[in-house]
Each structure stands twice: as C-alpha cells, then as structure tokens.
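An overview of the molecular structure
Chain by chain, the residues run as shown.
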Amino acid sequence: MTTFARERSPQDALTLGSHLSSHGALLLAVERMDEARTALEEAYRLLAASLGAGHPKTRSAASRMAEYLSKTGQHEPHGKRQMEYEKWLRLSEKPRSSE
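So, a few notes on the structure that sits alongside this text. Every value quoted in this text rests on a predicted model; they were computed, and no experiment measured them. (Residues numbered from 1 in each chain as written. Predicted model: local features only at pLDDT ≥ 70, side-chain atom pairs only at ≥ 80, totals over all residues. Heavy atoms only, no water.)

1. Some remarks on helix α4 (residues 56–72)
With 17 residues, α4 should cover 24 Å at 1.5 Å per step; its first-to-last C-alpha distance of 24 Å lies within 8% of that length. Residues of α4 that are buried: Thr58, Arg59, Ala61, Ala62, Met65, Ala66, Tyr68, Leu69 and Thr72. One face of α4 carries all of its buried residues, which in axial projection span an arc of 165°. (Helix = DSSP H or I, 4+ residues; strand = E, 2+ residues; numbered from the N terminus. Expected span 1.5 Å × (residues − 1). Buried < 20%, exposed > 50% of the residue type's maximum accessible area, 1.4 Å probe, protein only. Arc of directions from axis to C-beta.)

So this is what it looks like as structure tokens:
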C-alpha cells in the first residue's frame, strides 16, 4: 500500500505518512509493539520524503519512534538500542537556527 501511495503522488504519500504516524501511536498505546514499529518507521520515511526531516509532522513521527524504543528498550541490551533511541530523539528535535 505504501508503494502505491508513493507512486500515485507526493500528496498521497504525505496523507499515508500522517495516518501511519497516528496509527503507530495508537498501536503503541495498546502495546502492539511490532506493528507500531513498522507503522512508525514507514510514517517517518514517507513524511521525511514529502516534507523534509525538519517539518513538525516528520519530527512527531521521530518522537513516536523514540517513545517506542523507550517503552521496549527495558528488556533489551542497552548499547545498540540506546544509540538507536538517541538517533530518533535527535531527529525529533526542532532544528536550531543558524542565527
């Protein structure tokens, strides 16, 4: 479905990315972790391609991925998972202006 949306138009990819981000957050809330990760990663890819990494919707998807990793990281080895968490956290931050 995501390939179909990307092929049709950038607007379809943007709409799908927004919906996947919200859907991923709901899946996270009901602890359907594998499905949440898949939805949130695809949401981020679609939104970043459509809007850019600094857009608030894209940063929100990254923040949700960081939340996912925070919730699931307690039972996994710390090193690699911590680095992945920090990456998503950085992606969720508002870019600093160069003033």
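2. What to know about the pattern of salt bridges
For the structure on display, the rule yields five salt bridges. Ionic pairing is found between arginine 32 and glutamate 35, a salt bridge with its closest N-O pair at 2.7 Å. Taking relative accessible area as the criterion, glutamate 35 reaches 39% and is therefore assigned partly exposed. Here glutamate 84 ties to arginine 37 by a salt bridge, and the two come within 2.4 Å at their closest N and O atoms. Here glutamate 84 is found in helix α5 (residues 78–92), whereas its partner arginine 37 is found in helix α3 (residues 33–51), with 47 residues between them in sequence. Linked through salt bridges whose partners overlap, the residues forming this network are Arg37, Glu41 and Glu84. (Salt bridge = Lys/Arg side-chain N within 4 Å of Asp/Glu carboxyl O.)

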